[in-house]
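# Fold and contact review
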Amino acid sequence: KTGSAARAESASVGMARSRSGSPSASSSDGDRRRKPSKRRESPAGSDGEEGRDRGDAEARGGGDRDSSPSGREEGKRAERGRSRDTRSRRGDTRDRGGGDDRGDGDGRDGRRDLRGGIGGADRPPAERKPLSAGKAGGAYVPPFKLAQMMADQTDKTGPEYQRMTWDALKKSINGLVNKVNASNIKHILPELFAENMIRGRGLFARSVMKSQMASPHFSSVFAALVAVVNTKFPELGELVLKRIILQFRRAFKRNDKPVCVAATKFLAHLINQQVVHELIALELLTVLLSTPTNDSVEVAIEFVKECGYTLHELTPQGLHGIFERFRGILHEGEIDKRVQFMIENLFAIRKAGFEGKKGVPADLDLVEEEDQIVHELSMDDELQAEATLDIFKVDPEYEESERKYAEIKKEILGESSSDEDDDDDSDDEDDSESEDEAQAVAQQAMRQKIEDQTETNLVNLRRTIYLTIMSSLDFEEAGHKLMKIHLQPGQEVEICTMLTECCSQERTYLRYYGLLAQRFCFIDKMYAQLFDEVFMKQYSTIHRLETNKLRNVAKFFAHLLSTDAMSWTCMAYLQLTEEATTSSSRIFIKILFQELSESLGLRKLNERLMDASMAEYFQGIMPRDTPKNVRFAINFFTSIGLGGLTDDLREHLKNMPKMIAQAKAAAERDSDSDSDSSSSSSSSSSSSSSESDSSSSSSSSSSSSDSRPKKKKRRK
């Protein structure tokens, strides 16, 4: 045969084999030559075998026959013969397997009789046994089906019942751990303690570590959960710590960076929660930085970011040594630029006081300091993961263990928790008692006055006022909306405060706020008094404001004063002296009076300041007590371009020397009159002695008169 004929023959043989459905059609020609007796021994299928052999012979005889129409027809006839052969053999098999009482020739009945002939026709079908549960817990059973199966169990201490409770415990712990977060952790903890944590401590540790590995971002939440559980079951917290340390060891040896990062992050938050001693953090950092690589340094940086604030409080010297090691690695320059920038960023975070990573968040700080149990573990300790705790084991003292944990649970959750296996009567009694207690609590709450110490309502009110002010088109619409807000007594000042704050936050002063405040003052005089109080508070804290805010506030109150919306008595709070003012307060007074001068005019403003009925309120802004203060006020108003307001002060300063001299003379006269009155009383007491000595005094006077001219002569 030529090569083309051989290829055509093999192709025709392969096509015939693929079209045939019987096992014999798929066998090769060599198999047929080695087993000729089988074809001869099957009488039922002789015609089919002959047709198949004929078709094969035709396929071997002519390589180009399949390409002609006659060849294709012969191939189809051979295929139909082979299918008839297959069907006839199947019928023979059914005939051999069936009994005499079967008349319809059903293949299914034939198989059933064949099974009966092998194992006994009259034997009843064997009952199916439940699948044996493996390490993974066996086949999935829905919760309702599992509860029904547990209720149907009569033996409450048998292995099957214990296995069911173990599966239920595992599902419950996994579900609670998977749905815990910062907002519901306080509600998850009672449900978690309601489960048998002593029996499922291995399940809890595995579930927490698995969930933390899947979501490292929630490591703080899982650490808070472990910290609370650790206060009640210290051996459970220690088990979690052992497994975390062993997990880090394995990942560090295998160079598994994601697992290392997750394990160190979990350990850092446990250090923040004071579940483990801070010495292990220094050991871990020493291991990571002893032979620095890019990955090890990066893991160490993430670890320090998480627990650096706590280490700074507990071991500042140890943290200083770690940062010195970071500095040495940075100076060596053997790591990538990216990691070097990360180290520099870490130093910046340390300089900022670990802003944003300050220990435990407020909503996760659930353990009091005296209740904390700190475990002292080391990276070099021989630790055991106790993996057998994750596997179900039959407890021979199951009932006793459950009873003991029920007492522990009652002690943790309180005596008021109702038992699940109470009777219906006791449930009714408990319901009635709880209703009475609820009514008593409600009555007591009605009698008590609730005080909001968190100021939540006040914050919401300020938010409402702010949004109303900012969303209004003009001041009339804003005033109409603000008047509709229901205010408690004493909350009216919040409107005045928010108007002032909103005005100060603007880039430039807007008359919108001044007109809105003016409208409130005209509606009710109470708002004028409240704005007077706000003016005093703003001026007392004026040094805290920036220049832009200070300008807006000054223009705001200048508008209210120029329109007489608030009283000018607020000027009494201003003291224009060198000692009583600061740079901020002087700028405030300057902008205030300049705005008043622009609004009222200089002449009208001067008349208002010279009003005799208001003079007592302007003593601080126009001082007249000492020349120094008067001169300071004159220079101040002159420097801001309002020297016309100081004419009266200048006249007063000119007359002050005369006034001072007159005041001194008056003081001296008062002192002389007091001395004269005292001397008159003393002269009356000595009048008698003067009369007795009058004769001697006259004689002495005459002698003295004679002696005087003699003295004069001697002088000449």
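Residues numbered from 1 in each chain as written. Predicted model: local features only at pLDDT ≥ 70, side-chain atom pairs only at ≥ 80, totals over all residues. Heavy atoms only, no water.

Turning our attention to a nonpolar patch on the surface. Taken together, Tyr 466, Leu 467 and Met 470 make up a surface patch of nonpolar side chains, about 280 Å² in accessible area. Mapped onto the elements of the fold, Tyr 466 is located in helix α20 (residues 456-471). Since its relative accessible area comes to 37%, Tyr 466 is described here as partly exposed. (Patch = residues over 30% accessible without salt bridge, like charges linked within 9 Å, V, L, I, M, F, W, Y side chains within 5 Å. Areas by Shrake-Rupley, 256 points an atom, 1.4 Å probe, with all protein chains shown as cover. Salt bridge = Lys/Arg side-chain N within 4 Å of Asp/Glu carboxyl O. Helix = DSSP H or I, 4+ residues; strand = E, 2+ residues; numbered from the N terminus. Buried < 20%, exposed > 50% of the residue type's maximum accessible area, 1.4 Å probe, protein only.)

Taken as a whole and assessed by the stated rule, the structure comprises 17 aromatic pairs. One aromatic cluster is present, formed by Phe 531, Phe 535, Tyr 539, Phe 556, Phe 557, Tyr 573 and Phe 588 through successive ring pairs. The ring centre of Phe 323 lies 4.3 Å from the NZ or CZ of Arg 350, which sits over that ring. (Phe/Tyr/Trp six-rings, centres within 6.5 Å; stacked < 30°, edge-to-face > 60°. Lys NZ or Arg CZ within 6 Å of the ring centre and 35° of its normal.)

Below, the discussion takes up the nonpolar core. Within the largest apolar cluster, 82 residues are counted, with the highest numbers of intra-cluster contacts made by Phe 204, Phe 266, Leu 270, Phe 326 and Ile 343. Look past the residues within four positions of Phe 266 in its chain and what remains in contact with it is Val 208, Gln 212, Ser 219, Phe 222, Ala 223, Val 226, Val 240 and Ile 244. Grouped together as the second largest cluster of nonpolar side chains are 69 residues, Leu 600, Val 630, Ile 640 and Leu 645 included. (Core = buried A, V, L, I, M, F, W, Y, C linked by side-chain atoms within 4.5 Å. Contact = heavy atoms within 4.5 Å.)

Of the residues in the chain, 68% reach a pLDDT of 70 or more, and the chain-wide mean stands at 77. Here residues 130-137 is modelled with pLDDT under 50, and outside its nearest four sequence neighbours on either side it reaches 8 contacts, counting other chains as well. (pLDDT = per-residue confidence, 0-100.)

Right, let's get into the packing of helix α11 (residues 219-232) against helix α12 (residues 234-254). Two elements in contact, α11 and α12, have axes separated by 5 Å at closest approach and are oriented at 135°. Taken together, the axes of α11 and α12 are oblique relative to one another. Here α11 contributes Val 226, Val 229, Asn 230 and Lys 232 to the contact with α12, which in turn contributes Pro 234, Leu 236, Gly 237, Glu 238 and Val 240. Residue composition of the contact of α11 with α12, by class: 5 nonpolar, 2 polar and 2 charged. (Axes fitted to C-alpha atoms, helices over the stretch in contact; angles between N-to-C directions. Parallel < 35°, antiparallel > 145°, perpendicular 65-115°, else oblique. Nonpolar A, V, L, I, M, F, W, Y, C, P; charged D, E, K, R; others polar.)

Turning to a negative patch on the surface, a few remarks are in order. Among the surface-exposed residues, Asp 365, Glu 368, Glu 369, Glu 370 and Asp 371 lie close enough to one another that they form a single negatively charged patch. Position of Glu 368 among the secondary structure elements: in the loop between α17 (337-351) and α18 (398-413). Residue classification places Glu 368 among the partly exposed residues on the basis of a relative accessible area of 47%. (Lys, Arg positive; Asp, Glu negative; His and termini not counted. Charge placed at Lys NZ, Arg CZ, Asp CG, Glu CD.)

Next up on the list: the packing of α20 against helix α21 (residues 475-484). Interhelical geometry of α20 versus α21 gives an angle of 155° and a closest axis separation of 8 Å. Taken together, the axis directions place α20 and α21 in an arrangement best described as roughly antiparallel. The chirality of how α20 crosses α21 is right-handed. On α21, the residues that touch Ile 465, Thr 468, Ile 469 and Ser 471 of α20 are Ala 478, Lys 481 and Leu 482. Of the residues that constitute the contact of α20 with α21, the class distribution is 4 nonpolar, 2 polar and 1 charged. (Left-handed = near helix turned anticlockwise from the far one by under 90°.)

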